[in-house]
Amino acid sequence: CFPVPDTRNIDLGVSVGTRLTIRLPDDFHHHCRDGLKTKTVLQHACLRVGRCLMMPNTNPPITTTEMALEYKQHILRSMPDDQNYPNFEPLMVLYLTDKTKAEEITKAHAAGIVGVKFYPAGATTNSDFGVTDIQNCYGALRELDRLNMMLCIHSEVTHADIFEREPIFIEEIMKPLADDFPNLKMTMEHISTMDAVDYVLSASNNIKASITCHHLLYNRNDMLVGGIKPHLYCLPILKSESHRQALVKAAISGSPKFFLGTDSAPHSRDAKESCCGCAGVFTAHALLELYTETFDKHGQLSKLEDFCSSFGADHYGLPRNTATLTLEKTSWKVPMSYDFGDDLYLRGLRAGEEIKWKLVEEETGNKKKPKLDQQSV
């Protein structure tokens, strides 16, 4: 594993006012919800990313090709009205169940769907229809393998202590699965432990991992000490500081095994701030800015573009984006809340606090501004 020195209070960052231009990133794990909520979520994401892998754990879940195509059209219809985003593209995956057939995978591939999402039943939000035994899905996985599609994995068991579920998943499910499908493209999404870092580094090249910005920035003490912070509660849950440091070292290492996947998961404030709060951290409002903070703090801004804009696209077999966007090291305060659908509000990560990097919106390649006529000028 990468060495994990205590670097929480070290800052090797560049000076205030520095600008950084990189190729447009992709987000290979995003929740944009459904109904009226989708539009309010997309106004943040479409500024900051090109391709966006949309999670299928809606209610009801996206289990068929027809449902995935309908959901994609809903997303496209929900784009912000006042701007054109020519480089934004939702990528769709199916929700894998015990009953998913090989024929459905064939149909999905023909429709441009890039893979399936493996949720162990009961592991996270809206996962009750998920997989009870991965061997029930081997027929579908063989077709997935034949067509060179992606298996996206929520890598946690449900029968163990919440802080141990990822390492146990690796031993009980991931290793046997990799042995049975040595060529199947797999992504261990939102990894949260040094155990997962070690495993991905040791695994064959078809197995890679995404890392969220909140797992890079926070540990379980941040969530629990001094009072419970419900807006830091997520699944997989935040782990100890040694695990956070291992994730940081992996992300900034320049290894093509690791790439951006936010798992930005919006819930209304009343759903988070309750006696049984929902799991999920909303980061779409500042996703790239938050990743940039981590890379800057460790003096590794030169590695940011590949992590955000290269390694994920390469793993999915997609061309790297050619458009660019620009960030500036200028602090800004995150609003206390954002709109979320009809008469609902959500709280973004760092609400009421400062973020050290800011998107230069007039220099993002994802936003095409309407041309002004002479009278408007």
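Draft legend 1. Broad picture of the overall build of the protein chain. From N to C terminus, the protein chain includes 13 helices and 15 strands. Computed over the C-alpha atoms, the radius of gyration of the protein chain is 20 Å, within 12% of the 21 Å expected from 2.2 N^0.38 for a compact globule of 377 residues. Overall, the protein chain is about 60 × 50 × 40 Å in size when its C-alpha atoms are taken along their principal axes. Here the protein chain, with 377 residues, has 56% of them falling under the buried criterion. For the protein chain, the accessible area works out to roughly 15,500 Å², and carbon and sulfur atoms hold 49% of it.

Draft legend 2. Spotlight on the packing of aromatic side chains. All chains considered together, the criterion is met by eight aromatic pairs. Summarising the aromatic geometry, the rings of Phe28 and Phe259 are spaced 5.8 Å apart at their centres and angled 85° between planes, so their arrangement reads as edge-to-face. With Phe28 in strand β2 (residues 27–30) and Phe259 in strand β9 (residues 258–260), this pair connects stretches of sequence that are 231 residues apart. On the accessibility criterion, Phe259 (1% relative accessible area) is buried. Judged by centre distance (5.9 Å) and plane angle (45°), the ring pair of Phe118 and Phe169 falls under tilted. One end of the pair, Phe118, is in strand β5 (residues 115–118); the other, Phe169, is in helix α5 (residues 165–180), with 51 residues separating them in the sequence. Taken as a pair, Phe118 and Phe169 share a single burial class, namely buried. An aromatic cluster is built from Phe28, Phe259 and Tyr316, whose rings are joined through pairwise contacts. It is Arg220 that lies over the ring of Phe163; its NZ or CZ is 4.8 Å from the centre.

Draft legend 3. The confidence of the model for the protein chain, seen in detail. Averaged over all residues, the pLDDT of the protein chain is 93; the fraction at 70 or higher stands at 94%. Note that pLDDT drops below 50 for residues 2–6; the model gives that stretch 13 contacts with residues more than four away or on any other chain. A low-confidence stretch, residues 369–377 stays under pLDDT 50, and its non-local contacts, those more than four residues away or across chains, total four contacts.

Draft legend 4. Broad picture of the nonpolar core. Counting 98 residues, the largest nonpolar core has Leu96, Leu141 and Leu151 as its most contacted members. Counting residues in hydrophobic clusters, the runner-up holds 13 residues, among them Phe28, Tyr95, Met150 and Tyr316.

Draft legend 5. How the structure looks around empty space enclosed by the protein. Using the criterion set out here, one finds four cavities of 30 Å³ or more in the structure. Of the voids in this model, the largest cavity is the one considered here, and its volume is about 110 Å³. What lines the largest cavity is a set of 17 residues, and nearest its centre among them are His31, Asn57, Thr124, Leu235 and Asp263. Its residues assigned to classes, the lining of the largest cavity shows five nonpolar, nine polar and three charged.

Draft legend 6. Broad picture of the pattern of salt bridges. All told, the structure shown has 16 salt bridges when counted by the stated rule. Residue Arg320 pairs with Asp314 through a salt bridge whose shortest N-O separation is 2.7 Å. A residue is classified by how much of its surface remains accessible, and Arg320, at 38% relative accessible area, is partly exposed.

Draft legend 7. Highlighting the layout of surface pockets. Taken as a whole, the largest pocket spans an internal volume of roughly 600 Å³. Leu217, Tyr218, Leu349, Arg350 and Glu353 are the residues nearest the centre of the largest pocket, which is lined by 28 residues in total. Of all the secondary-structure elements, those providing two or more residues to the lining of the largest pocket are α7 (213–217), α9 (241–251), α11 (287–297) and β14 (354–355). The leading source of residues in the lining of the largest pocket is α11, at four residues.

Draft legend 8. Expanded view of α11. For α11, a buried count of 10 out of 11 residues is recorded, marking the element as mostly surrounded by other parts of the structure. Listed as buried for α11 are Leu287, Leu288, Glu289, Leu290, Tyr291, Thr292, Glu293, Thr294, Phe295 and Asp296. Gly299 sits one or two positions beyond α11 and adopts a positive phi of about 70°.

Draft legend 9. Region of the structure containing the environment of Ser331. Among the secondary structure elements, Ser331 is positioned in the loop between β10 (324–328) and β11 (332–333). Expressed as a C-alpha distance, the spacing of Ser331 and Leu235, which sit 96 residues apart in the sequence, is 29 Å. Discounting chain neighbours no more than four positions away, the residues touching Ser331 are Glu354, Ile355 and Lys356.

About the cut-offs
Residues numbered from 1 in each chain as written. Predicted model: local features only at pLDDT ≥ 70, side-chain atom pairs only at ≥ 80, totals over all residues. Heavy atoms only, no water. Helix = DSSP H or I, 4+ residues; strand = E, 2+ residues; numbered from the N terminus. Rg over C-alpha atoms; globule rule 2.2 N^0.38 Å. Buried < 20%, exposed > 50% of the residue type's maximum accessible area, 1.4 Å probe, protein only. Areas by Shrake-Rupley, 256 points an atom, 1.4 Å probe, with all protein chains shown as cover. Phe/Tyr/Trp six-rings, centres within 6.5 Å; stacked < 30°, edge-to-face > 60°. Lys NZ or Arg CZ within 6 Å of the ring centre and 35° of its normal. pLDDT = per-residue confidence, 0-100. Contact = heavy atoms within 4.5 Å. Core = buried A, V, L, I, M, F, W, Y, C linked by side-chain atoms within 4.5 Å. 1 Å grid on protein atoms, 1.4 Å probe; cavity = no way out; pocket = protein on both sides within 12 Å on 5 of 7 lines; lining within 4 Å. Points joined across faces, edges and corners; volume = space filled by probe spheres on them. Nonpolar A, V, L, I, M, F, W, Y, C, P; charged D, E, K, R; others polar. Salt bridge = Lys/Arg side-chain N within 4 Å of Asp/Glu carboxyl O.

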